[in-house]
Number of protein chains: 2
Amino acid sequence: MKEYLKHHEWQIIEEGLDPHYNKISESVFSIGNGRMGQRANFEEEYSGETLRGSYVAGVYYPDKTRVGWWKNGYPEYFAKVLNAPNWIGIHISIENQKLDLAKCKVEDFTRILDMKTGLLSRSFVATFADGKKVRVESKRFCSMAHGEIGAIRYAITPLNFSGKAFLSIYVDADVVNKDSNYDEKFWEEVYKAASEGKAIVTAQTKKTFFHVTTGMRYVVESEGKKVNYGRINIEQREKFAGNIIQVDLVEGKELVVYKYAAILSSENHPKDQLVAACNKVLDEAFTKKFDKLFEEHAKVWEHKWEECDITIEGDIAAQQGIRFNIFQLTQTYTGEDERLNIGPKGFTGEKYGGSTYWDTEAYCLPFYLSTSEPKVARNLLIYRYKHLEKAIENAKKLGFKDGAAFYPFVTMNGEECHNEWEITFEEIHRTSAMAYAMRDYVEYTGDKNYFTEFGLEVLIGIARFWAQRVNFSAEKNKYVILGVTGPNEYENNVNNNWYTNYLGAWTLRFAQQAIDYVKSADSKRFGEIVSKTNFKEQEETSKWKEIVEKMYYPLDEKRGIILQQDGFMDKEILRVSELKKEDRPINQKWSWDRILRSCFIKQADVLQGIFLFEDDFDIETIRKNYDFYEPLTVHESSLSPCVHVILASKLGYKSSAYDLYLRTARLDLDDYNNDTEEGCHITSMAGTWMSVVKGFGGMRIREGKLYFNPFIPDQWKSYSFRIEFRGRVLKIKVSKDGVETKLESGAPLTIDVKGESVELK
Amino acid sequence: MKEYLKHHEWQIIEEGLDPHYNKISESVFSIGNGRMGQRANFEEEYSGETLRGSYVAGVYYPDKTRVGWWKNGYPEYFAKVLNAPNWIGIHISIENQKLDLAKCKVEDFTRILDMKTGLLSRSFVATFADGKKVRVESKRFCSMAHGEIGAIRYAITPLNFSGKAFLSIYVDADVVNKDSNYDEKFWEEVYKAASEGKAIVTAQTKKTFFHVTTGMRYVVESEGKKVNYGRINIEQREKFAGNIIQVDLVEGKELVVYKYAAILSSENHPKDQLVAACNKVLDEAFTKKFDKLFEEHAKVWEHKWEECDITIEGDIAAQQGIRFNIFQLTQTYTGEDERLNIGPKGFTGEKYGGSTYWDTEAYCLPFYLSTSEPKVARNLLIYRYKHLEKAIENAKKLGFKDGAAFYPFVTMNGEECHNEWEITFEEIHRTSAMAYAMRDYVEYTGDKNYFTEFGLEVLIGIARFWAQRVNFSAEKNKYVILGVTGPNEYENNVNNNWYTNYLGAWTLRFAQQAIDYVKSADSKRFGEIVSKTNFKEQEETSKWKEIVEKMYYPLDEKRGIILQQDGFMDKEILRVSELKKEDRPINQKWSWDRILRSCFIKQADVLQGIFLFEDDFDIETIRKNYDFYEPLTVHESSLSPCVHVILASKLGYKSSAYDLYLRTARLDLDDYNNDTEEGCHITSMAGTWMSVVKGFGGMRIREGKLYFNPFIPDQWKSYSFRIEFRGRVLKIKVSKDGVETKLESGAPLTIDVKGESVELK
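Definitions and cut-offs
- Residues numbered from 1 in each chain as written.
- Chains lettered and ligands numbered in written order.
- Predicted model: local features only at pLDDT ≥ 70, side-chain atom pairs only at ≥ 80, totals over all residues.
- Heavy atoms only, no water.
- Helix = DSSP H or I, 4+ residues; strand = E, 2+ residues; numbered from the N terminus.
- Rg over C-alpha atoms; globule rule 2.2 N^0.38 Å.
- Buried < 20%, exposed > 50% of the residue type's maximum accessible area, 1.4 Å probe, protein only.
- Contact = heavy atoms within 4.5 Å.
- Disulfide = S-S within 2.5 Å.
- Domains from an automatic or database assignment.
- Salt bridge = Lys/Arg side-chain N within 4 Å of Asp/Glu carboxyl O.
- Polar contact = N/O pair within 3.5 Å; in protein donor to acceptor, adjacent residues only side chain to side chain.
- Least-squares fit on C-alpha atoms with pLDDT ≥ 70 in both.
- UniProt positions renumbered as here; feature names shortened; annotations may be inferred.
- Arc of directions from axis to C-beta.
- Buried area = accessible area lost by both parts, 1.4 Å probe.
- Axes fitted to C-alpha atoms, helices over the stretch in contact; angles between N-to-C directions.
- Parallel < 35°, antiparallel > 145°, perpendicular 65-115°, else oblique.
- Nonpolar A, V, L, I, M, F, W, Y, C, P; charged D, E, K, R; others polar.
- Pairing = 2+ DSSP bridges.
- 1 Å grid on protein atoms, 1.4 Å probe; cavity = no way out; pocket = protein on both sides within 12 Å on 5 of 7 lines; lining within 4 Å.
- Points joined across faces, edges and corners; volume = space filled by probe spheres on them.
- Phe/Tyr/Trp six-rings, centres within 6.5 Å; stacked < 30°, edge-to-face > 60°.

Visitor: How should the overall build of chain A be read in this particular structure?
Guide: Broken down by element type, chain A carries 19 helices and 32 strands. Over its C-alpha atoms chain A spans a radius of gyration of 27 Å, differing by no more than 12% from the 27 Å that the globule rule assigns to 761 residues. Overall, chain A is about 85 × 55 × 55 Å in size when its C-alpha atoms are taken along their principal axes. Looking at chain A residue by residue over its 761 residues, the buried ones come to 66%. A fraction of 68% describes how many contacts in chain A between residues 6 or more apart in sequence connect residues 24 or more apart.

Visitor: Hey, could you run me through the state of the cysteines in this one?
Guide: By definition, a disulfide is the covalent link that joins the sulfur atoms of two cysteine residues. Residues and elements named next belong to chain B. If you walk through the whole model with that rule in mind, you get zero disulfides over all chains. The closest cysteine sulfur to the non-disulfide-bonded Cys 364 is located on Cys 642, 10.0 Å from its own sulfur. Judged by relative accessible area, Cys 364 falls into the buried class, the value being 0%.

Visitor: Would you mind going over the domain arrangement of chain A with me for this structure?
Guide: By a widely used convention, the size of an interface equals the accessible area lost when the partners come together. All names here are of chain A. Each assigned domain of chain A is listed here: domain 1 (5–308) and domain 2 (373–553). Centre-to-centre separation of domain 1 and domain 2, based on C-alpha positions: 43 Å. Across the boundary between the two partners, domain 1 contributes 13 residues, which contact eleven residues of domain 2. Inspection of the region where domain 1 meets domain 2 yields zero salt bridges. Our count for the contact surface shared by domain 1 and domain 2 stands at two residue pairs in polar contact (both at pLDDT 80 or more). The element best represented in the side of domain 1 that touches domain 2 is strand S6 (residues 77–81), accounting for five residues.

Visitor: Mind showing me how you'd approach the relation of the copies chain A and chain B here?
Guide: Between the two copies of the chain lies a rotation about an axis combined with a shift along it. Note on the identical chains: chain A maps onto chain B by a rotation of 180 degrees and an axial translation of 0.1 Å, with an RMSD of 0.1 Å. Taken together, the rotation angle and the small translation identify this as a two-fold axis. Closest to the rotation axis within chain A is the C-alpha of Val67(A), separated from it by 2.1 Å. Both copies share a contact surface, since 100% of the interface residues of chain A are interface residues in chain B too.

Visitor: Looking at this model, I keep getting lost on the UniProt feature "active site" (unreviewed entry) in chain A. Mind explaining?
Guide: All names here are of chain A. In the numbering adopted here, UniProt assigns the feature "active site" (unreviewed entry) to Glu 489. Along the chain, the position of Glu 489 falls in the loop between strand S23 (478–480) and helix H10 (498–521). Classification of Glu 489 as buried rests on a relative accessible area of 13%.

Visitor: How should I be thinking about the side chain of Asp593(A) in this particular structure?
Guide: One can find Asp593(A) in helix H14 (residues 592–597). Residue class for Asp593(A) comes out buried when judged on its relative accessible area of 1%. Reaching out from Asp593(A), the side chain makes a polar contact with the side chain of Ser591(A) at a distance of 2.4 Å. Of note is the side chain of Asp593(A), whose polar atom sits 2.8 Å from the side chain of Arg597(A). The residues contacting Asp593(A), other than those within four sequence positions of it, are Phe425(B) and Glu426(B).

Visitor: Teacher, can you tell me more about helix H11 (residues 523–533) of chain B here?
Guide: Every α-helix winds through 3.6 residues per turn, so residues three or four apart in the chain are directed the same way. All names here are of chain B. If you check which residues of H11 are buried, you get Arg 525, Phe 526, Ile 529 and Thr 533. Looking down the long axis of H11, one finds its buried residues gathered within 105 degrees of arc, a one-sided arrangement. For H11, the exposed residues set more than 90 degrees away from the buried face come down to Ser 523, Lys 524 and Ser 531. Here the buried face of H11 lies against helix H9 (449–469), helix H10 (498–521) and helix H12 (537–549). With its phi angle positive at about 55 degrees, Asn 534 sits one or two positions after the end of H11.

Visitor: Just to check I follow, could you spell out the interface of chain A and chain B for this structure?
Guide: Contact with chain A, which involves 51 residues of that partner, is made by 51 residues of chain B. Broken down residue by residue, the surface that chain A buries against chain B is led by Trp69(A), Asp570(A) and Arg597(A), which jointly contribute 19%. Glu475(B) is paired through a salt bridge with Lys558(A); the nearest N and O atoms lie 3.9 Å apart. Between the two partners, chain A and chain B, sit ten residue pairs in polar contact (both at pLDDT 80 or more). Of all the elements in the fold, those that place two or more residues in the side of chain A that touches chain B are helix H7 (421–424), strand S22 (471–473), helix H13 (586–589) and H14 of chain A. A total of five residues in the side of chain A that touches chain B trace back to one element, the largest contributor, which is H14(A).

Visitor: Got a minute to help me understand the packing of helix H17 (residues 640–651) of chain A against helix H19 (residues 682–696) of chain A in this structure?
Guide: When two helices pack together, their arrangement is given by the angle between the helix axes and the distance between those axes. Residues and elements named next belong to chain A. Where H17 meets H19, the axes come as close as 8 Å, and the angle between the chain directions of the two elements is 5 degrees. Taken together, H17 and H19 sit at an angle that is classed as roughly parallel. For the pair formed by H17 and H19, the contact residues are Cys 642, Val 645, Ile 646 and Ser 649 on the first element and Gly 687, Thr 688, Met 690, Ser 691, Lys 694, Gly 695 and Phe 696 on the second. Considered class by class, the residues forming the contact of H17 with H19 number five nonpolar, five polar and one charged.

Visitor: Any chance you could explain the sheet that holds strand S29 (residues 728–735) of chain B here in plain terms?
Guide: Remark on secondary structure: sheet strands pair via backbone hydrogen bonds, oriented parallel or antiparallel. All names here are of chain B. Ordered in space as S21-S28-S29-S30, the four strands form an open sheet in which the pairing is antiparallel. Taken across any chain shown, the strands that pair with only one partner, and hence form the sheet edges, are strand S21 (311–313) and strand S30 (738–745). Within the sheet, the average angular offset between the axes of one strand and its neighbour, ignoring direction, is 15 degrees. Taken together, the three bridges between S21 and strand S28 (residues 718–725) define a ladder with antiparallel strand orientation. Bridged to Glu 313 within S28 is Ser 718.

Visitor: Help me out: how do you make sense of empty space enclosed by the protein in this one?
Guide: Empty space left among the atoms is revealed by rolling a probe the size of a water molecule over them. Enumeration according to the criterion identifies 15 cavities of 30 Å³ or more in this entry. Reported here for the largest cavity is a volume of approximately 170 Å³. Taken together, 19 residues form the lining of the largest cavity, with Val67(A), Tyr74(A), Val67(B), Tyr74(B) and Trp421(B) sitting closest to its centre. Here the lining of the largest cavity is composed, by residue class, of eight nonpolar, four polar and seven charged. Considered as a void within the structure, the second largest cavity measures approximately 120 Å³ in volume.

Visitor: Explain the packing of aromatic side chains to me, please; I cannot follow it from the model alone.
Guide: Two descriptors summarise a pair of aromatic rings, namely the distance from one centre to the other and the angle between the planes of the rings. Evaluated as defined, the whole model comprises 109 aromatic pairs over all chains. Between Trp421(A) and Trp421(B), the aromatic rings sit 5.8 Å apart at their centres with planes inclined by 15 degrees, giving stacked as the arrangement. Pair noted here: Trp421(A) is in helix H7 and Trp421(B) is in helix H7 (residues 421–424), and the two residues belong to different chains. Side by side, Trp421(A) and Trp421(B) carry an identical accessibility label, which is buried.

Visitor: Could you clarify how one ought to interpret unusual backbone geometry in this entry?
Guide: Of all residues except glycine, most have a negative phi; of all peptide bonds, most are trans. Residues and elements named next belong to chain A. Cis rather than trans, the peptide bond between Arg 584 and Pro 585 has omega equal to -15 degrees. Among the secondary structure elements, Pro 585 is positioned in the loop between strand S25 (561–562) and H13. Of note, the phi angle at Asn 96 is positive, near 60 degrees, even though the residue is not glycine. Within the element layout of this structure, Asn 96 appears in the loop between strand S7 (90–94) and strand S8 (97–98). Not every positive phi belongs to a glycine, and Asp 108 is a case in point at roughly 50 degrees. Looking at where Asp 108 falls in the secondary structure, it is placed in strand S9 (residues 105–114). The class for Asp 108 is exposed, based on a relative accessible area of 52%.

Visitor: Just to check I follow, could you spell out the pairing of strand S10 (residues 119–127) of chain A for this structure?
Guide: Regular strands place their side chains on alternate faces of the sheet. All names here are of chain A. Counted residue by residue, S10 has nine buried out of nine residues, so it is predominantly covered. Sheet analysis places S9 next to S10, joined by eight bridges and oriented antiparallel. The residue of S10 that forms the bridge with Lys 105 is Thr 127. In sequence, S9 turns back onto S10 through a hairpin of four residues, with Gly 118 there showing a positive phi of about 65 degrees.

Visitor: What is the right way to look at the sheet that holds strand S2 (residues 31–32) of chain A in this model?
Guide: Strands sit in the order S2-S3-S4 (chain A) across an open sheet of three strands; the sheet is antiparallel. Every interior strand has two partners, whereas the edge strands, S2 and strand S4 (54–56) of chain A, have only one.

Visitor: What is the right way to look at the pattern of salt bridges in this model?
Guide: All names here are of chain A. Scanning the entire structure with this criterion turns up 117 salt bridges over all chains. In this structure, Glu 44 engages Arg 122 in a salt bridge whose closest nitrogen and oxygen atoms are separated by 2.8 Å. Taken together, the residues span a long stretch of sequence, with Glu 44 in the loop between strand S3 (36–38) and S4 and Arg 122 in strand S10 at a distance of 78 residues. Like Arg 122, Glu 44 is buried. A salt bridge links Glu 537 to Lys 519; the nearest nitrogen and oxygen atoms lie 2.6 Å apart.

Structure representation (structure tokens):
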């Protein structure tokens, strides 16, 4: 865990440039707008450690799977989040000396991300080898108001000299993916043009043939007026277009480059109209100018914060943490485009590839349900509905049949694109995350019609998968599920992972409920579904029922707890507190076999099940399981702490809940898991939001009614959050003195606060 | 299973060229001499499906590990068996038409491998597009008498024309490995020279810097006289040197190219003397000429066959099968060089990389023990003794300490170079194959001094590994071994694989026996070992004893059988006979998870343990386990059938034993597992030998005494084999009428045949 960034309620602040931390900061200070995003790379050249990253939503590359030993059934490719063309570059050279913070002496360096307005600022004083000093101040944002516009204000002031400088201002599609399996570049040039003040490059991805057109216009000003350029070179190289201009620097006078970028993709424009559209966007941006664009952008953020801010009084680290999570989530996914989803690194890094994991359903959905109009969450469900056919194909490849649907672990277009057998083939619980998300959605919104319209088809497919995936153990006289990986990925190929068995059986019951509903609500539509899915209702559902009745659940009678999987108690049972510091994180220190046979748990597994199906268990059962499993948990997945915060809160374990909250809220800010340089943990950020609202706030929905059972950590004075619920907006404020609930808009509503009914008007 | 090759007692015969089978034949018809080997590629150009392969013993390349998701502890590289420079090439061109069997019309094609003399012959008539017809007859061998010499006689006869032809005769180091992880070429040029009739290329491997010098001299003759070349071009390209000569073809007259190759490696010569040495070898070969070289070569084979032939009367397929196995084994490893070992594909393909698997100890050792002087087997043991330090390093990387030794699953130089975690990290039983080999060796030879000189150090290291690898299960009140892969690699990461637990505990007992022996035989040396290994005898051995006493063994009480691993009976128990044909082999048809959770067994697992420790079990236990497990076994490892032949023989299951024998003996000849195109299954060939000698012959050693308990399959008239044993040579012949035993040389000996003592003089 690092403590490198300053605590501040609304800003992330880095003071001083530490090259070892630069890649971490590049991740943390990333900006985006749901359509595109940009790591906090420098505009100028930088020869130090850096991970350059620009990303355009929906644009990916199916990189041929790299694996030592091919196992039958592997997907052909691993979908890479593509590093898109560079639109931020502004290179400076003064008397043949490049401005490069790895080579100049750097003083007064600050990098600030203002979360309130989504603005990244940076300033520093750099001294060249010959003693010349310049001050640089840069600001940039990806417009939330115009999803295809990025804008930069880059100001340079010579402090102890006057003289000529060369500025290279460009767009560049000759970029690499660090994680390219075969060191291949994924972009090919389609078009380029450059003229004075302007450059455009259209590049196309290999194999997937996405086109991305990246354009820029710029102007250089001094004291508000365009300066004269001494010389202009129009630069064109392969996949690259720009200008090199010569300008006069005058000691003490600020010279400002305004660079406006337009980033357009063939996902949103016909390919043959991309360049024209790009020109239009560029002209718009250039005409509006930086300040006006920023004003519009900041206004959107103001509105977003009104919708989903959480305030915490009395604990700046916690306040900064939660805002950082909400900020990143909001700029990753806006819910406007049902073709998009929430990548695990959002627009902050390449790692993990793909865009969609079960994280979306299990972690992100609740955030969007409570902070956006229902359409946003519904779009996330429909995304999976659209992938149903691919999920059926995916199941077929693995030997399933008759319409069984096995959703991929990682996907871009519905196809599986991850290739560790122990995950891809065996971490099967993810296919039921789609069912659970439906339950969540319908409970929250009351929109049961979703079953009729879309949901039931998906549920039939998933239920069929489970009915085929179990097998009957003559030995146990029960149905068992062999060879799986549970949510705790520090176990592979285990038998009867309780979470998986429980979820599988629940899915069969839930599918039955959905059938019953649709049958009674719209028998015609039910008939259509039966015929479309070739559903043999009687035969299939009676099999489901039998499986549910005879499902095997591993238990430890002696300890009165659920068993994570068969044989778990054969392990040497140690606590995480007994581990030496140098052994942590175990996934970076121990060989895989050692991790597998240890008792240590990566992320909630039994407790994940208890979290999802809380009301199925009495409080003592929850306590016993929590008391046994949490101490074995290393929380080396970003998805782990939030679940534990929520359960600890329920159990009244205030101080554990608070500690775990800080861990989830500040996971990236403090680089807990030593991996933030690869990107931020976007999907788990929704878990942070849940930690406050469902954890400390104790929010639950039961049969359409809202319940709150809040407590406040000792370290805090108060906290408040805002909830959208069935057409209302509620504000909840919790302080040492009590709970304030307020209906900000919508029809009157009765809620439950700490066991008492409260009527809100 | 294919039936493509003709049955013959001493020859492998292919009639007609089927391009689909060409790669299989290239493997089957491979030739070698322990120092080098060559697939049965064509001398002339071939644009059809082919896997070009020349191999030089001990020369490898550490190819950077390719894996999608790196797991901590993985070895950095996977050692590749290198495709070495091509020495066979003779390209023919007639009027701008290349002789290429993929393009010409081919008639009368035959390929014959004469196993008696180690000679590969090929003949065919090819018709060019313009109607010109030529007959070609080629013969070649890798000299068993001169390990660095290969010789080719290539004869071409124009059948319906006279005219000019161009012959390109060359050596070429610009070769690729098909399995190169990054499509890289592994050879770099160091030296080349070409002159009339001669060419030499020295190439060096990247990273490992092995030098291989490949030279050739040739002469073209007609009617026994050198012909005049019309034109000679000396050809030199990168890594390539040769001549192109113009010759006159006269209708009906045979033109013969004699090409002599010398293949020398820096493993056997100082690098700066390689070229000189190559010249010398070339001159020797050129002077001796083809016929003389062949005579010397055939003489060595004659001697080899005297030593290790097995004859079978009345069953040509079986006779051909066993000879093919003995032939390949003999040309792969001669036992003369203790730096070498037996690669799983020998000199017949690249697949699997590395040179040394546990196959050597578990399968090959018995063959060499019985057919060679004891030095050969001892060299195989010393090979591992020399790798002890690396095995200790390897264990350290995985978190073991205090001198625990974990031998690699695959190695070239003692380092692990395989990278599936489920094998590399978890298939731990292989480390005890080194201990079992010692037991085998000492029992066979009586040479207990091996413990004192080398063995004990290894045993202490391995025993320490087991003592650390177990853990105490409070739940079971037993020591357990979690997270392993047994010999049956269709199970991964299982708990308490019985074979592994049994072998681990046996190793601890065996190490104790060795300690007791060395202590009493040579206390001074024992003191040295104690101090060298920092052995805390009292403390360590008492821990070993405790583990042995409290080791857990999974059993199925109800069925009275051993359990392959915990939870095995939860599977759906099916028999292989219930599988559909289109599901076989399951490793090519089913996804990995499906294989893992099925009951199907790749190769002997419980039965492997019973095979190794036969005398620990009564016959009824053996029968019950065989009856249960064999029907679940798909034998998709080449190492599987032989173990079953031996047990089936013991149990009197004659017809099963015979069927399984054919499967192992003709595995590659009939391409049972659909993978012979990648190379032959060399190490399992020793298992075929065991099938006859230990299976049908029922040979055992117990306390220094030889036992035979033979039976004869109904299909056979008789079979006979020859055994070296403690300075004697015995011949055993089994026919319907009875058993003949004969002492061919050495001191008198009492053996046991079918329970009766027989004195041999």
